[in-house]
Amino acid sequence: MPMDNIIMETSRYTVAARRDFTARHMLIGGDWGPENKPHTHHYVVEARLYGKKLDRHGFLLDICEVETHLDKLVDYFRDTTFNNLPEFEGLNPSIENFARILCRALGKEINATGLTGLSIKIWENDAAWAEYQEAL
């Protein structure tokens, strides 16, 4: 099933967690003016998990588990320069690529039945953000 159908279902639950941190990057592969030089962003990351059914306790999943894994991921990227990390080797460290990297990494860690999708939305400032969605 295409992800658009999963995310856009009319009957679903969403659980989310949000974290913020600073990190550096410089865009590569084109002429983006000052963005081609190393600079820092205050990132805000929001993870959203989707599903249609709750467990016997009335939960979609354990939000503490999501927060624990999201904290580990954010701690890994905090205060780094993305261009120097293996996850960005050969990639422009755009927020689009970063959203995909975080989404797939978090998806590998979450152990919950009944989830239908996961999305990561990342703001690099108050006005600019990117989101990546993936079916689980």
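A brief structural summary. None of the values given here were measured: they were computed from a predicted structure.

The next point concerns the packing of aromatic side chains. Taken as a whole and judged by the stated rule, the model has 11 aromatic pairs. Ring geometry for Phe77 and Phe88: centres 6.5 Å apart, planes at 80°, overall edge-to-face. Linking Phe77 in helix α2 (residues 63–77) with Phe88 in the loop between α2 and α3 (95–109), this pair joins segments that are 11 residues apart in sequence. No difference in accessibility class separates Phe77 from Phe88, as the two residues are buried.

For the rest of this paragraph, the subject is the packing of α2 against α3. Helices that pack against each other are described as a pair by the angle of their axes relative to one another and the distance between those axes. Running from amino to carboxyl end, α2 crosses α3 at an angle of 135°, the nearest separation of the two axes being 10 Å. By the angle between their directions, the pair α2 and α3 is classed as oblique. Here α2 and α3 pass one another in a crossing that is right-handed. Facing α2, whose interface residues are Glu65, Val66, His69, Leu70, Leu73 and Phe77, α3 presents Phe98, Ile101, Leu102, Ala105, Leu106 and Glu109. When grouped by side-chain class, the residues that make up the contact of α2 with α3 number nine nonpolar, one polar and two charged.

All right, on to the sheet that holds strand β2 (residues 39–51) then. Spatial ordering of the open sheet is given by β1-β2-β3-β4, a layout of four strands whose pairing is antiparallel. What marks the edges here is a single partner per strand, and that holds for β1 (13–25) and β4 (129–135). Looking at each pair of strands side by side, their axes are set apart by 15° on average, direction ignored. Bridge analysis of strand β3 (residues 115–123) against β4 gives seven bridges, and the strand direction is antiparallel. Note on β4: the bridge partner recorded for Ile122 is Ala130. In the packing of α2 onto the sheet, the strands contacted are β1 and β2, and the crossing angle to β1 comes to about 10°. Sheet strands in contact with α3 are β1, β2, β3 and β4, and its direction is about 145° off that of β3.

How each quantity is defined
- Residue numbering note: each chain is counted from 1, following its sequence as written.
- The predicted nature of this model means local features are confined to residues of pLDDT at least 70 and side-chain atom pairs, given and counted, to a pLDDT of 80 or more, with totals for whole chains, interfaces and linings taken over all residues.
- To obtain the side-chain values, all non-hydrogen atoms of the structure were included, while hydrogens and water were left out.
- The rule is short: rings of Phe, Tyr and Trp, with Trp giving its six-membered ring, pair when the centres are within 6.5 Å, and they are stacked under 30 degrees, edge-to-face over 60, tilted in between.
- Strands here are runs of E lasting at least two residues and helices are runs of H or I lasting at least four, both read from the DSSP assignment and numbered beginning at the N terminus.
- Summary of the burial criterion: residues with accessible area below 20% of their type's maximum are buried, those above 50% are exposed, and those between are partly exposed, where the area comes from a 1.4 Å probe applied to protein chains only.
- Geometry is summarised by axes, namely lines fitted to C-alpha atoms with helices restricted to the contacting stretch, and by angles between N-to-C directions that run from 0 to 180 degrees.
- Throughout this description, any angle smaller than 35 degrees is read as roughly parallel, any larger than 145 degrees as roughly antiparallel, any in the 65 to 115 degree range as roughly perpendicular, and the remainder as oblique.
- By convention the crossing between two helices is left-handed if the near helix lies anticlockwise of the far one by an angle smaller than a right angle, and right-handed if it lies clockwise.
- For this analysis, residues touch if any pair of their heavy atoms sits within 4.5 Å.
- Ten residues, namely Ala, Val, Leu, Ile, Met, Phe, Trp, Tyr, Cys and Pro, are considered nonpolar, four, namely Asp, Glu, Lys and Arg, are considered charged, and the remaining ones, Gly among them, are considered polar.
- When DSSP finds two or more bridges between a pair of strands, those strands are recorded as paired.

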